[in-house]
Amino acid sequence: MTAGPPILVTGLPRSGTSWTGKMLTAGRGAVYVNEPLNPQHPPGHSPGVLRATVTHRFQYICDDNAHDWLPAFRDTVALRYRFGAELRANRSPYDLARMLKYGTAFTLGRLAGRRALLDDPFAVLSAAWFAARLGCTVVALERDPVSFVASWQRLGWTVSFHELLGQPLLVRDHPELLELGPLAGSRDRVAQAAALWRATHRILARTPGILVVTYESLAADPVAGFRRLYGHAGLTWSPAVERRVARACTGGGGPERGFAWSGLSRTAYRRMDSRQALSRAAQGLTPEDVTRVRALTTA
């Protein structure tokens, strides 16, 4: 028994994928799977969830290299947990607890006909493959560039452009990434984050078979926004789901706070007041930085 196609929620890190994924599983119609393509363990490198070896941040997957990825992801989206593979690789107390959590969720979800929901920002550049080859309903989150860059600045985040440019198939299919070359190795984190946002924005705009949704539109009116996403994904919206979404997004959790892994799923999601989160979009950037980011992402 199956309730429909798997769902992929993606977008650059800090674009609201964890929040969106958690809200889309509030109706109990999908099983939440956190970042199988994350190269960090945890949450990645869990062969029970994904029996394939991730070697890059933003690992690129396409038909030319799918011989390992397709069977692995077919297992994942079918909610077939590989207990043996997980035990051979990860045996710490935390890993065993996580195996119990995911193994149970996969097994019960499969028996109940639930759908897999992958929350994975590291799949953003491979979204077309997930839609075409796995039949995923793909929702791509995009955050306003100033808010995105400010969030990365507050966390001190950056990304190695060498990891992106060192994947020939990725550069072949997404030549927009060649614009990152002059900034490879740069210490200008504002320019790097802005360039990554601009290239990804262009890639998503021409990617077939996906729905691009802005973080700001969901944050401004989460109940209406998630109701629309439930309809798009073929998930069941109900008064109970509406109450859960309202409590999680408009309750007393305060505005968006800093990044922190939490729970056995190692998700960054925490309850927040999404409307208040919009009020601090540029925090961490100077007025000059804001002007610069706007220029870099609209040129």
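Since we're looking at a predicted model, the values are computed, not measured. (Residues numbered from 1 in each chain as written. Predicted model: local features only at pLDDT ≥ 70, side-chain atom pairs only at ≥ 80, totals over all residues. Heavy atoms only, no water.)

What to know about the confidence of the model for the protein chain
Quick note on the threshold: Per-residue confidence from the prediction method is given by pLDDT, with values spanning 0 to 100. Residue contacts are defined here by distance: any two heavy atoms, one from each residue, within 4.5 Å place the two residues in contact.
In the predicted model, the protein chain carries a mean pLDDT of 92, and 91% of its residues have values of at least 70. Here residues 254-261 is modelled with pLDDT under 50, and outside its nearest four sequence neighbours on either side it reaches 36 contacts, counting other chains as well.

Remarks on the sheet that holds strand S3 (residues 115-119)
In any sheet, the strands associate via hydrogen bonds between backbone groups, in a parallel or an antiparallel arrangement. What counts, and what does not: Two strands are counted as paired when DSSP detects at least two bridges linking them. In this text, helices come from DSSP runs of H or I with a minimum length of four residues, and strands from runs of E with a minimum of two, each type numbered from the N-terminal end. Interaxial angle, 0 to 180 degrees, is taken between N-to-C directions of lines fitted to C-alpha atoms, where a helix line uses only the stretch in contact.
Strand order in the open sheet formed by five strands is S2-S3-S1-S4-S5, and the pairing between neighbours is parallel. With partners counted over all chains shown, the strands left at the sheet margins are strand S2 (30-34) and strand S5 (210-214), one partner each. Each strand axis lies, on average, 20° off the axis of its neighbour in the sheet, ignoring direction. The pairing of strand S4 (residues 137-142) with S5 spans five bridges and is classified as parallel.

Points about the pattern of salt bridges
As a reminder, the rule being used: Here a salt bridge means any side-chain nitrogen of Lys or Arg lying within 4 Å of a carboxyl oxygen belonging to Asp or Glu. Partly exposed describes any residue whose relative accessible area lies between the buried limit of under 20% and the exposed limit of over 50%, with all areas from a 1.4 Å probe on protein chains only and scaled to the type maximum.
Under the criterion given, the structure shown has twelve salt bridges. Its salt-bridge partner being arginine 82, residue aspartate 75 comes within 2.9 Å of it at the nearest N-O pair. Here arginine 82 falls in the partly exposed class, since its relative accessible area comes to 29%. Through salt bridges that share partners, Arg51, Asp75, Arg80 and Arg82 make up one connected network.

What to know about the pairing of S2
For S2, a buried count of five out of five residues is recorded, marking the element as mostly surrounded by other parts of the structure. Going residue by residue along S2, you find Ala30, Tyr32 and Asn34 tucked away on one face and Val31 and Val33 tucked away on the opposite face as well.

What to know about the packing of helix H1 (residues 17-24) against helix H11 (residues 222-233)
Heads up, the condition is: Angles are sorted into four bins: roughly parallel if under 35 degrees, roughly antiparallel if over 145, roughly perpendicular if 65 to 115, and oblique for all others. With the far helix as reference, a near helix turned anticlockwise by less than a right angle produces a left-handed crossing, and one turned clockwise produces a right-handed crossing. By the convention adopted, Pro, Cys, Tyr, Trp, Phe, Met, Ile, Leu, Val and Ala count as nonpolar, Lys, Arg, Asp and Glu as charged, and the other residues, Gly among them, as polar.
Two numbers describe how H1 lies on H11: the axes approach to 10 Å, and their chain directions differ by 70°. With respect to H11, the element H1 is oriented roughly perpendicular. H11 is crossed by H1, and the crossing has right-handed handedness. Across the interface between the two elements, Trp19, Thr20, Met23 and Leu24 from H1 touch Pro222, Phe226, Leu229 and Tyr230 from H11. Its residues assigned to classes, the contact of H1 with H11 shows seven nonpolar, one polar and no charged.

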